[in-house]
Amino acid sequence: MRKFEGFLNGINLGGWISQCLAYTKEHYDSFITEEDIKRIADWKCDHVRLPLDYEIVMNNDGTFKPEGFVYIDNCISWCKKNNLNVVLDLHKTLGYMFDTDAVADPDLFFKDEKLQDIYINLWKELAGRYGKYSDCVALELLNEIVNPELEDEWNSIATRAITEIRKITKDSWIIVGGVDYNSVSAVPGIKVPLDEKIVFTFHCYEPLVFTHQKAYWVKEMPSDFEVSYPGPSIEYLREKSSVIPQARHGAIFSECYDNLAMDEHFFETLFKPALDTAKKLNVPLYCGEYGVIDLAPAEDTANWLKDIHKVFDMYQIGHSLWNYKEKDFGIVGKHYDEVRKAVYTK
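Per-chain numbering applies: the sequence of each chain, read as written, is numbered from 1 onward. Reporting in this predicted model follows two pLDDT cut-offs: at least 70 for local features of residues, and 80 or more for side-chain atom pairs to be given and counted; totals over whole chains, interfaces and linings ignore these cut-offs and use all residues. Each side-chain value is worked out from all heavy atoms of the structure, with water and hydrogens disregarded.

Undergrad: Help me get a handle on helix 3 (residues 69-81), residues and values and all.
TA: Only runs of H or I of at least four residues qualify as helices and only runs of E of at least two qualify as strands under DSSP, and these elements are numbered from the N terminus. The length a helix should cover is 1.5 Å for every residue beyond the first. Spanning 13 residues, helix 3 covers 19 Å between terminal C-alpha atoms, matching the ideal 18 Å at 1.5 Å per step. Within the span of helix 3, buried status applies to Phe69, Tyr71, Ile72, Cys75, Ile76, Trp78 and Cys79. Between two residues, a contact is recorded if the distance between any of their heavy atoms is within 4.5 Å. On its buried face, helix 3 sits against helix 1 (25-30), helix 2 (34-42), strand 2 (47-53), strand 3 (85-93), helix 4 (113-130) and strand 5 (137-140). Once helix 3 finishes, Asn83 follows within two positions and takes phi at roughly 60°, a positive value. Throughout, exposure labels follow a simple rule: accessible area from a 1.4 Å probe, protein chains only, divided by the maximum for the residue type, with under 20% read as buried, over 50% as exposed, and the rest as partly exposed.

Okay, structure coming up:
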């Protein structure tokens with residue numbers, strides 16, 4: 001399995017030009033600055049993942065907003081000066097985002113050819129602007145396709161996007177994930193044209209009851225819900241998960257986890273479908289998001305990160321922590337002071 005060279009240890013800039021609390025120039029100009037990029041470089045990271053919502057650079061009629069591209073340009077410029085690479089992640093496109101509760105029909109994009117045409121045109125524009133930075137900018141097609149029943153539709157759209165991007169830039173890394181929120185188990189279902197610069201991605205927030213404990217956006221999650229890691233056993237985590245509807249179908253309920261210790265072997269087992277696929281196809285792997293909410297015990301968070309990093313390093317899986325600032329996972333927050341030392345002091 002090949003390495004995703006230059007993208008092995010990164011951090012997300014979520015909340016800047018994606019999932020913004022305020023979609024305003026004041027926010028864009030102040031939320032992330034060059035000082036933040038310098039700080040990330042000082043942590044010995046090799047890249048940032050830059051989530052992008054379409055409305056920063058595009059109107060709803062498909063025309064572009066030239067002023068919106070300035071923030072991407074700035075990020076790339078700052079990163080180049082500080083020897084960091086950039087994953088440009090389309091986090092939201094017209095007609096689709098991973099927060100399915102925020103749209104009337106979360107599957108409309110996959111059925112509406114006009115919305116797909118706008119998506120393709122956006123990627124043509126992004127490839128035209130940033131394909132020239134193929135030595136330091138990777139292009140991620142779309143964040144977290146939710147509905148697992150849309151795998152064929154997504155593969156078709158992703159194939160079309162790759163084909164159009166390759167007409168513009170032959171050398172740019174193109175990152176594509178599977179369905180079910182970029183589940184690691186969905187990686188074998190990714191069916192797109194392969195070349196030397198295609199990367200398969202997944203996200204990891206397992207077990208969800210630990211990484212998202214007390215999260216207000218998880219349905220039926222009590223505000224006082226507490227889960228430890230590693231915890232006494234896999235059965236402990238299954239019992240905790242069973243009372244949260246969104247967690248009842250998590251990976252930990254698979255028989256392959258029976259009697260398995262909660263340590264790096266948990267993640268090694270969890271990643272096996274993706275690892276097997278990547279080895280078979282000789283495609284690099286990238287975990288574009290992973291992390292633990294700032295409401296979890298800090299010591300347990302450090303344990304979780306230590307275990308998942310062991311497996312990333314063991315198999316040379318590129319990875320980008322969620323998140324640098326705010327969004328309930330911001331590693332610069334006071335809650336993470338000791339965790340940050342453990343993660344970024346080598």
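Undergrad: Summarise the pattern of salt bridges; cite the residues concerned and give the values.
TA: Pairing between side chains of opposite charge can happen when their charged atoms approach one another. For salt bridges, the criterion is a side-chain nitrogen of Lys or Arg within 4 Å of an Asp or Glu carboxyl oxygen. Considering all chains together, one arrives at 22 salt bridges under this definition. One salt bridge connects Asp105 with Lys111, and the closest N-O pair in it is separated by 3.2 Å. On the accessibility criterion, Asp105 (30% relative accessible area) is partly exposed. Using a relative accessible area of 57% as the deciding quantity, one classes Lys111 as exposed. For Glu338, the salt bridge is made with Lys341, and the minimal N-O distance between the two is 3.5 Å. Separated by 3 residues within a single helix, Glu338 and Lys341 lie in helix 12 (residues 337-344), roughly one turn from each other. Residue Glu338 is classed as exposed on the basis of its relative accessible area of 54%. Salt bridges sharing common partners tie together Arg49, Asp89, Glu140 and Glu289.

Undergrad: Give a detailed account of the state of the cysteines, specifying residues and quantitative values.
TA: A disulfide bridge is the covalent bond that connects two cysteines by way of their sulfur atoms. Any two cysteine sulfur atoms lying within 2.5 Å of each other are counted as a disulfide. Scanning the model with the defined rule gives 0 disulfides in all. Here Cys45 is not disulfide-linked; the sulfur of Cys79 is the nearest cysteine sulfur, at 10 Å. No disulfide involves Cys79; its nearest neighbouring cysteine sulfur is the one of Cys75, lying 4.1 Å away. On the basis of relative accessibility, which here comes to 0%, the residue Cys79 falls in the buried class.

Undergrad: How would you summarise the packing of helix 3 against helix 4 if you had to cite specific residues and measurements?
TA: For helices, the axis comes from a line fit to the C-alpha atoms of the stretch in contact; other axes are also lines fit to C-alpha atoms, and the angle between any two N-to-C directions lies between 0 and 180 degrees. The contact between helix 3 and helix 4 brings their axes to 12 Å, and the two run at 40°. Like other packed secondary-structure pairs, helix 3 and helix 4 cross with a definite hand, here right-handed. Contact with helix 3, carried on its side by Phe69, Ile72, Asp73 and Ile76, involves Glu125, Leu126, Arg129 and Tyr130 of helix 4 and no other residues of that element. Amino acid classes used here: Ala, Val, Leu, Ile, Met, Phe, Trp, Tyr, Cys and Pro are nonpolar; Asp, Glu, Lys and Arg are charged; the rest, including Gly, are polar. Grouping the amino acids of the contact of helix 3 with helix 4 by side-chain chemistry returns 5 nonpolar, no polar and 3 charged. The crossing is said to be left-handed when, going from far helix to near helix, the turn is anticlockwise and less than a right angle, and right-handed when the turn is clockwise.

Undergrad: Could you give an account of the pairing of strand 9 (residues 318-321), with specific residues and numbers?
TA: Successive side chains on a regular strand alternate, one facing one side of the sheet and the next facing the other. The side-chain alternation of strand 9 yields two buried faces, one formed by Gly318 and Ser320 and the other by His319 and Leu321. Pairing between strands is defined by DSSP: at least two bridges between the two strands are required. Note that strand 1 (residues 10-12) and strand 9 share 2 bridges and pair parallel. Following the sheet pairing, Ile11 is matched in strand 9 by Leu321. Two elements, strand 8 (residues 285-290) and strand 9, share 2 bridges in a ladder whose sense is parallel. Bridge pairing links Cys287 to His319 in strand 9. By definition, the crossover connecting two strands over a helix is right-handed if that path, from the first strand to the second, turns clockwise as seen with the strands pointing away from the viewer. For the segment spanning strand 8, helix 11 (residues 298-315) and strand 9, crossover handedness is right-handed.

Undergrad: I'd like a description of the side chain of Asn323, backed by residues and values.
TA: As for its position among the elements, Asn323 is in the loop between strand 9 and helix 12. By relative accessible area, Asn323 is classed as buried at 0%. Nitrogen and oxygen atoms within 3.5 Å of one another constitute a polar contact, given that in protein one can donate a hydrogen and the other can accept it, and given that sequence-neighbouring residues count only through two side-chain atoms. In terms of polar contacts, Asn323 uses its side chain to reach the backbone amide nitrogen of Gly14, at 2.8 Å. What Asn323 contacts, discounting residues up to four positions off in sequence, is Ile11, Asn12, Leu13, Gly14, Phe329, Gly330 and Ile331.

Undergrad: Hey, could you go over the side chain of Asn147 for me, with residue numbers and the actual values?
TA: In this fold, Asn147 is placed in the loop between strand 5 and helix 5 (151-168). A distance of 3.1 Å separates polar atoms of two side chains, one belonging to Asn147 and the other to Asp107. At 2.9 Å, the side chain of Asn147 and the backbone nitrogen of Glu149 are in polar contact. Apart from the residues lying within four places of it in its own chain, the contact partners of Asn147 are Asp107 and Val179.

Undergrad: Could you give me a rundown of the environment of Lys280, with the residues and numbers involved?
TA: Summarising the element assignment, Lys280 is placed in helix 10 (residues 272-281). For Lys280, a relative accessible area of 74% corresponds to the exposed category. Linking Lys280 and Met1, residues 279 residues apart in sequence, is a C-alpha distance of 7.9 Å.

Undergrad: Mind laying out the environment of His212, listing which residues take part and the relevant values?
TA: Of note, His212 is situated in the loop between helix 7 (208-211) and helix 8 (234-241). Between the C-alpha atom of His212 and that of Ala298, which follows or precedes it by 86 residues, the distance is 13 Å. In contact with His212, other than residues within four places in its own chain, are Tyr205, Trp217, Val218, Met221, Ile293 and Phe329.

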